[in-house]
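# Topology and contacts: notes
Here is how the chains run, residue by residue.
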Amino acid sequence: MSGDIFWQALALLLVIEGLLPLISPAAWRRMFEQLLQLGNGQIRFFGLCSIASGLVLLALLA
C-alpha cells in the first residue's frame, strides 16, 4: 500500500466522521451521551466489530 492511498483513506475517514456533527449536532451529542452509558466491554465489542468489518471489506476490495 502506497503512502498516498493511506493519506487519501485517512482524509476520507475524516470527511465521513465529520458528516453527522455537521448535519445534526443534536443527534451527535445524544449519541455520545448514550455511549457514555455503555460499559467498557460493550465499547470494546463495538470496536472489535468495527475492526472485523473493515478487514472483511478490505479483503473483498483487494
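Here the structure is shown first, and the text comes after it.
This report concerns the structure included in the present document. These numbers come from a predicted model, not from an experiment.

What follows covers the packing of helix α1 (residues 3-23) against helix α2 (residues 25-37). Viewed as axis vectors pointing N to C, α1 and α2 meet at an angle of 110°, and their least axial separation amounts to 5 Å. Taken as axis vectors, α1 and α2 run roughly perpendicular relative to one another. Between α1 and α2, the contacting residues are L20, P21, L22 and I23 on the first element and P25, W28 and M31 on the second. In the contact of α1 with α2, the residues fall into seven nonpolar, no polar and no charged.

We now examine the packing of aromatic side chains. Within this structure, the stated rule accounts for three aromatic pairs. Taking 5.0 Å as the distance between ring centres and 75° as the angle between the ring planes, the aromatic pair formed by F6 and W7 counts as edge-to-face. Judged by its relative accessible area of 39%, F6 is partly exposed. For W7, a relative accessible area of 55% corresponds to the exposed category.

Definitions and cut-offs
- Residues numbered from 1 in each chain as written.
- Predicted model: local features only at pLDDT ≥ 70, side-chain atom pairs only at ≥ 80, totals over all residues.
- Heavy atoms only, no water.
- Axes fitted to C-alpha atoms, helices over the stretch in contact; angles between N-to-C directions.
- Helix = DSSP H or I, 4+ residues; strand = E, 2+ residues; numbered from the N terminus.
- Parallel < 35°, antiparallel > 145°, perpendicular 65-115°, else oblique.
- Contact = heavy atoms within 4.5 Å.
- Nonpolar A, V, L, I, M, F, W, Y, C, P; charged D, E, K, R; others polar.
- Phe/Tyr/Trp six-rings, centres within 6.5 Å; stacked < 30°, edge-to-face > 60°.
- Buried < 20%, exposed > 50% of the residue type's maximum accessible area, 1.4 Å probe, protein only.

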